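Observations on the three-dimensional arrangement
Residue-level listing of the chains:
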Protein chains: 2
Amino acid sequence: MMLTYSFADIGSDSLYEHLYKCIKNDIISRKIKPGEKLPSKRSFAKNLGISVITVENAYDQLISEGYVYSIAKKGFFVSDINSITSKKKIVVNHENLAMTSDEERYVADFSSNRTNIKQFPFTVWAKILRECLLDYQEELLINTPSGGALVLRKAIAGYLKEFRDLDVDFEQIIVGAGTEYLYGQIVQLLGNDKVYGVENPGFPKMSKVYEASSAEVKHIFLDSDGISVAELEREGVQVACTSPSHQFPTGKITPISRRYELLGWASKKDDRYIIEDDYDSEFRMTGKMIPTLKSIDVNEKVIYMNTFSKTISNTVRISYMVLPKHLMDLYYKKLSFYSCPVPSIIQLAVARFISEGYFEKHINRMRNFYKKQRDLLIEEINKSEMAQHAKIKEADAGLHFIIYLNLNCSDEEFVGKMERKGIRICALSEYYQGDMPKSEHEFLMNYSSLSEEQIKEAVMIMGKGFSLLKK
Amino acid sequence: MMLTYSFADIGSDSLYEHLYKCIKNDIISRKIKPGEKLPSKRSFAKNLGISVITVENAYDQLISEGYVYSIAKKGFFVSDINSITSKKKIVVNHENLAMTSDEERYVADFSSNRTNIKQFPFTVWAKILRECLLDYQEELLINTPSGGALVLRKAIAGYLKEFRDLDVDFEQIIVGAGTEYLYGQIVQLLGNDKVYGVENPGFPKMSKVYEASSAEVKHIFLDSDGISVAELEREGVQVACTSPSHQFPTGKITPISRRYELLGWASKKDDRYIIEDDYDSEFRMTGKMIPTLKSIDVNEKVIYMNTFSKTISNTVRISYMVLPKHLMDLYYKKLSFYSCPVPSIIQLAVARFISEGYFEKHINRMRNFYKKQRDLLIEEINKSEMAQHAKIKEADAGLHFIIYLNLNCSDEEFVGKMERKGIRICALSEYYQGDMPKSEHEFLMNYSSLSEEQIKEAVMIMGKGFSLLKK
């Protein structure tokens, strides 16, 4: 199907809003009929002369609102809007769960940092939830303290002691509904009049949280050792966010010397803090653990942050932070009026998952599983047609590595070509902010959500496509 | 035990911080021993010449941190801190759940707006959670859209249509981890450069959310019809928060004329909005329903907000808001990067609870239950020794009413006297901000969390105490 829309007269709308409205109107007016296939994002973008991201945003919104649905490896289709707009009675249609993920449209999605669904310890989790329902009938109906259920915070403190060598009091631990929520709490705690520094390239959501909270954000470039301390100084940053155990997206591990430099920077002024986001440190594959910033932070300048999204599932929505002791009073004064946003049943279940040893077992199992996947992916690449033109980097930690490809086309062209073949891959260059020199021909290989078959098929497709490109 | 602390040299600490630190130090240094009873909040406050609230804040913090625990009707006791500070291994002690509620210390707590734990449909809820674990294995591991799972938003839309006569598209509904979370999202959506107006007297957490988000808050007094429109104008409010179905704490219902005035006020300027917090509208006991502001809001100026805290349980942490259609684009642009903070399992369970009819049944059952409690409480008051000196007000809606008592002492003295007899009760005057004329001798009677026995015993104690006071 060919769809053409004019962008001449879009008023104050952004491009994606305009596109979204045009398509929505055509669906409502039945110009595009239920079941019809919409153009692929890339071809649509090309035809309209706009970016793929714009089409993606418009499609995402249409999917969120139920006007469009997607089918694995087939594409985007128009919903039957009768079932959307009639609200005569409550219709629960299991198809309407609309939890179709992007991944299902691809042979393999190397851009997704999801955990592997099939590896989730569903039976144990369900058992623990059932046990908690039986054992905690009364507790489940009484609000936990603002910082989270004590039993959970104690379990986390025990875990941090044993596995991250962090000796913290459980009362320093604040439980929240995901890392974004806790970043927002930090802005409320330290003030949105502070200057927050994020890594460049970095995780895009981070700066969005600061912007949504009306705080000033500086994008601080990385040098070969990690976030640049000189740049933190130059930009007047007061709160620096960094993931020294495994930077996203570069995959770099910050060496101990830079860690001390960072702590030195923070110690120079009272209002300086470091947020250490340790999001996937559990999955270090090779080599010696480098101590966390928090564990060598004698001046109490580090707010340590971690999540159960990688280690349990992204849908449990639990993260936690460890506040320096001197910030506890401020926290209790300013923010303890908030109810803990995580349902009691989930807090108690995670506490039990940890304290009964399932968490440790699960992490160990997953580390082995992911290591095998990484090894398989590297092996497949090495025996593929792209082997002699590829170089693998930063494969020692976390759930992705970087591949450098000796391309004779632009990163965007390569990504487009792969997309058309059913492979979703992101260039490292897409994660850079502003006009700084970007890395070229480097791509993220997230392997955590893929099956063995997907890895094999994807590398074969990539290899073939790559050898055609080189000719 | 007598504890005396000096407040002469407290530096930049607030009073409660100072008190909290003094007690904590004495616990750590073993000046106060494990198991020792701390003074009651009221007597401690009196001895130190500080307010009860200050002692309460200090005690709450000590409880949160595990230094102090409370025993039903007995008081506050010092914990064995060895069990707190040793973190050699993960200790899960069920007593450490520390979910002891304030209520348990009282014969009856008329200040608590909790739902009645014993009435929670635990069997059905556990059944639904188990079913969801079985039926949605895959969906449970994939993130829901930012605004919440479509199946839940559709169930809510159906409920709003059927029971609140609200015809909204499900995509206008945004699900969040409690009302406080959603108030925070609104500040991020509309901007913290706006002036937010809250009711005076009102729900204290509301203004705390705005302050924590660095937004300007004006406390707008209520006249006999509800929030004053003239005052909204005078104070330059842009976003007004109100609960027209059942104002907290006065219990007043805003008449239709004032509702139109409010909508008129909002329509005068583009950047004006009304947040209609419909927190316990399901429990209107008598008389005709007055339409929600949202249902008569042709100009789309109302953000409708409701919660499952009152209707299911405060520990499920789900609330939702309905955004005006023209704010949807802004929401998607600014805030849809946030993951929905509610765990998928809870979203799916609430959706099923609604769509399978349990929610309606539960509300109807609870309305009858609460109506019986209200009637019993009024009946007991009417036959008690205070009957001829008491007047009951605003008993038609929600889960509390107001009692006027013809006292010959101050509100504070009466509250203190009741506290010593095991009755916790709050004066309406405690909810006022600033120097405005306060209501006198009016008290909140929250009856939702009490048992029949508690109601009878409490009224008997109050009646006796009251007759002594009058002599």
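Examining the pairing of strand 16 (residues 442–446) of chain B
Residue and element names in this part refer to chain B.
- The buried count for strand 16 comes to five of five residues, which makes it a mostly enclosed element.
- Alternating residues of strand 16 divide into E442, L444 and N446 and F443 and M445, and every residue in both groups is buried.
- When strand 13 (residues 400–405) meets strand 16, the two strands line up antiparallel, connected through five bridges. The residue bridging I402 from the neighbouring strand is L444, located in strand 16.
- Strand direction decides the pairing type here: strand 15 (residues 426–427) and strand 16, joined by two bridges, are antiparallel. Along strand 16, the bridge assignment pairs A427 with F443.

Some remarks on the environment of Y320 of chain A
Residues and elements named next belong to chain A.
- The residue Y320 is located in strand 11 (residues 319–322) in this model.
- Among the residues examined, Y320 registers a relative accessible area of 1% and is labelled buried.
- In this structure, the C-alpha to C-alpha distance between Y320 and T307, residues 13 residues apart in sequence, is 6.2 Å.

A word on the packing of helix 12 (residues 344–355) of chain B against helix 13 (residues 358–382) of chain B
All names here are of chain B.
- Viewed as axis vectors pointing N to C, helix 12 and helix 13 meet at an angle of 70°, and their least axial separation amounts to 4 Å. It follows from the interaxial angle that helix 12 and helix 13 lie roughly perpendicular. Of the residues in helix 13, those in contact with R352, F353 and I354 of helix 12 are Y358, F359 and H362.
- Residue classes in the contact of helix 12 with helix 13 are distributed as four nonpolar, one polar and one charged.

Quick word on the relation of the copies chain B and chain A
- Expressed as a screw transformation, the operator carrying chain B onto chain A has a rotation angle of 180° and an axial translation of 0.1 Å, and the superposed copies differ by an RMSD of 0.2 Å. Overall, the copies show the geometry of a two-fold rotation axis.
- Taken together, the interface assignments show that 99% of the residues at the interface of chain B recur at the interface of chain A, consistent with an identical surface on both copies.

A closer look at helix 1 (residues 15–28) of chain A
All names here are of chain A.
- For helix 1, spanning 14 residues, the distance from its first C-alpha to its last is 20 Å, which sits close to the expected 20 Å at 1.5 Å a residue.
- Within helix 1, ten of the 14 residues are buried, leaving the element largely enclosed by the surrounding structure.
- Here helix 1 has its buried residues at Y16, E17, H18, L19, Y20, C22, I23, K24, D26 and I27.
- Once helix 1 ends, the next one or two residues include R30, with phi positive near 70°.

Topic: helix 5 (residues 122–135) of chain B
- The end-to-end C-alpha separation of helix 5 of chain B is 20 Å, in line with the 20 Å expected for 14 residues at 1.5 Å each.
- For helix 5 of chain B, the full list of buried residues reads F122, W125, A126, I128, L129, C132 and L133 of chain B. Projected onto a plane normal to the axis of helix 5 of chain B, the buried residues spread over an arc of 160° and lie on a single side. Exposed residues on helix 5 of chain B whose side chains face more than 90 degrees from its buried face are T123 and L134 of chain B.
- Turning to helix 5 of chain B, the residues buried within the fold contact helix 5 (122–135) of chain A together with helix 12 and helix 13 of chain B.

Side note on the state of the cysteines
All names here are of chain B.
- Across all of its chains, the model carries zero disulfides over all chains by this definition.
- Take C132: it sits in no disulfide, and the sulfur closest to it among the cysteines is that of C340, at 15 Å.
- The class of C132 is buried, set by a relative accessible area of 0%.

Structural notes on the nonpolar core
- By size, the foremost hydrophobic cluster in this structure holds 156 residues, and its most contacted members are L160, Y210 and F308 of chain A together with L160, Y210 and F308 of chain B.
- Discounting residues that sit within four places of it in the chain, L160 of chain B has contacts with D165, L166, V168, I173, Y304, Y320 and V322 of chain B.

Quick notes on the environment of L19 of chain A
Residue and element names in this part refer to chain A.
- Structurally, L19 is set in helix 1.
- Residue L19 is classed as buried on the basis of its relative accessible area of 0%.
- In this structure, the C-alpha to C-alpha distance between L19 and V298, residues 279 residues apart in sequence, is 53 Å.
- Apart from residues lying up to four places away in sequence, L19 is in contact with Y5, F7, F44, L48, I50, T54, V55 and A58.

Concerning the sheet that holds strand 11 (residues 319–322) of chain B
Residue and element names in this part refer to chain B.
- Sheet architecture is open: eight strands sit in the order 4-11-10-9-8-5-6-7, paired in mixed fashion. The sheet terminates laterally at strand 4 (173–176) and strand 7 (226–227), the two strands that pair on one side only.
- Set on the sheet, helix 10 (residues 256–267) makes contact with strand 6 (216–223), strand 7, strand 8 (239–242), strand 9 (273–277) and strand 10 (302–307); between it and strand 9 the angle comes to about 140°.

Description of empty space enclosed by the protein
- As enumerated under the stated definition, the model contains 16 cavities of 30 Å³ or more in all.
- Estimates place the volume of the largest cavity at around 220 Å³.
- Around the largest cavity, the lining comprises 20 residues; the ones closest to its centre are Y181, Q185 and Q188 of chain A together with Y181 and Q185 of chain B.
- Contributing elements (two or more residues each) for the lining of the largest cavity: helix 7 (179–190) of chain A together with helix 7 (179–190) of chain B.
- For the lining of the largest cavity, the residue count by class is eight nonpolar, eight polar and four charged.

Considering the interface of chain B and chain A
- Each partner contributes to the interface: chain B provides 87 residues, whereas chain A provides 87 residues.
- Interface area for chain B against chain A, summed over the two sides, is near 8,200 Å², with a carbon-plus-sulfur share of 64%.
- The interface formed by chain B and chain A includes four salt bridges.
- The salt bridge involving E17 of chain A is made with K333 of chain B; its shortest N-O contact spans 3.8 Å.
- Between the two partners, chain B and chain A, sit 21 residue pairs in polar contact (both at pLDDT 80 or more).
- Elements with a contribution of two residues or more to the side of chain B that touches chain A: helix 1 (15–28), helix 3 (52–64), helix 5, helix 6 (150–164), helix 7, helix 8 (204–212), helix 11 (325–335) and helix 12 of chain B.
- Top contributing element to the side of chain B that touches chain A by residue count: helix 6 of chain B, with nine residues.

Remarks on the pattern of salt bridges
Residue and element names in this part refer to chain A.
- Taken as a whole and assessed by the stated rule, the structure comprises 57 salt bridges over all chains.
- Two residues, D109 and R424, come together in a salt bridge whose shortest N-O distance is 3.8 Å. You can see D109 sitting in strand 3 (residues 108–109) and its partner R424 sitting in strand 14 (residues 423–424), a full 315 residues away along the chain. Summarising the burial analysis for this pair, D109 and R424 share the class buried.
- One salt-bridge network, held together by shared partners, links K41, E56, D109 and R424.

Details of the confidence of the model for chain A
Residue and element names in this part refer to chain A.
- The pLDDT averaged across chain A works out to 86; a share of 92% of its residues lies at or above 70.
- pLDDT under 50 marks residues 83–103. Its contacts with residues more than four places away, or in other chains, come to 42 contacts.
- Among the scores for the predicted complex, ipTM is 0.75 and pTM is 0.77.

Remarks on the sheet that holds strand 16 of chain B
All names here are of chain B.
- If you walk across this open sheet you meet the four strands as 12-13-16-15, and the pairing is antiparallel. Two strands close off the open sheet at either side, each with one partner strand: strand 12 (390–393) and strand 15.
- The pairing of strand 12 with strand 13 spans four bridges and is antiparallel. Of the residues in strand 13, the one forming a bridge with K391 is Y404.
- On the sheet, helix 13 packs against strand 12, strand 13 and strand 16 and is oriented at approximately 10° with respect to strand 13.
- Those strands touched by helix 14 (residues 411–420) are strand 13, strand 15 and strand 16, and its axis lies near 35° from that of strand 16.

Overview of the pairing of strand 10 (residues 302–307) of chain A
All names here are of chain A.
- Counted residue by residue, strand 10 has six buried out of six residues, so it is predominantly covered.
- With burial as the criterion, each face of strand 10 is covered, one bearing V302, Y304 and N306 and the other bearing I303, M305 and T307.
- As paired strands, strand 9 (residues 273–277) and strand 10 are joined by four bridges and run parallel to one another. Its bridge partner being in strand 10, I274 is matched across the sheet by V302.
- As defined by bridge partners, strand 10 adjoins strand 11 across four bridges and the pair is classed as antiparallel. Residue pairing across strands places Y304 opposite V322, the latter belonging to strand 11.

Topic: the packing of aromatic side chains
Residue and element names in this part refer to chain A.
- Enumeration over the complete set of coordinates arrives at 45 aromatic pairs over all chains.
- A ring pair is formed by Y183 and Y210, whose centres lie 6.0 Å apart and whose planes are at 90°; its orientation type is edge-to-face. With Y183 in helix 7 and Y210 in helix 8 (residues 204–212), this pair connects stretches of sequence that are 27 residues apart. The exposure classification of Y183 matches that of Y210, with both residues buried.
- Chaining the aromatic ring pairs together yields one cluster made of F120, F122, W125, Y159, F163, F308, Y320, F353, Y358 and F359.
- For the cation-ring pair, K154 lies above F170, with the distance from its terminal atom to the ring centre recorded as 4.8 Å.

Cut-offs and rules
- Residues numbered from 1 in each chain as written.
- Chains lettered and ligands numbered in written order.
- Predicted model: local features only at pLDDT ≥ 70, side-chain atom pairs only at ≥ 80, totals over all residues.
- Heavy atoms only, no water.
- Buried < 20%, exposed > 50% of the residue type's maximum accessible area, 1.4 Å probe, protein only.
- Helix = DSSP H or I, 4+ residues; strand = E, 2+ residues; numbered from the N terminus.
- Pairing = 2+ DSSP bridges.
- Axes fitted to C-alpha atoms, helices over the stretch in contact; angles between N-to-C directions.
- Parallel < 35°, antiparallel > 145°, perpendicular 65-115°, else oblique.
- Contact = heavy atoms within 4.5 Å.
- Nonpolar A, V, L, I, M, F, W, Y, C, P; charged D, E, K, R; others polar.
- Least-squares fit on C-alpha atoms with pLDDT ≥ 70 in both.
- Expected span 1.5 Å × (residues − 1).
- Arc of directions from axis to C-beta.
- Disulfide = S-S within 2.5 Å.
- Core = buried A, V, L, I, M, F, W, Y, C linked by side-chain atoms within 4.5 Å.
- 1 Å grid on protein atoms, 1.4 Å probe; cavity = no way out; pocket = protein on both sides within 12 Å on 5 of 7 lines; lining within 4 Å.
- Points joined across faces, edges and corners; volume = space filled by probe spheres on them.
- Buried area = accessible area lost by both parts, 1.4 Å probe.
- Salt bridge = Lys/Arg side-chain N within 4 Å of Asp/Glu carboxyl O.
- Polar contact = N/O pair within 3.5 Å; in protein donor to acceptor, adjacent residues only side chain to side chain.
- pLDDT = per-residue confidence, 0-100.
- Phe/Tyr/Trp six-rings, centres within 6.5 Å; stacked < 30°, edge-to-face > 60°.
- Lys NZ or Arg CZ within 6 Å of the ring centre and 35° of its normal.

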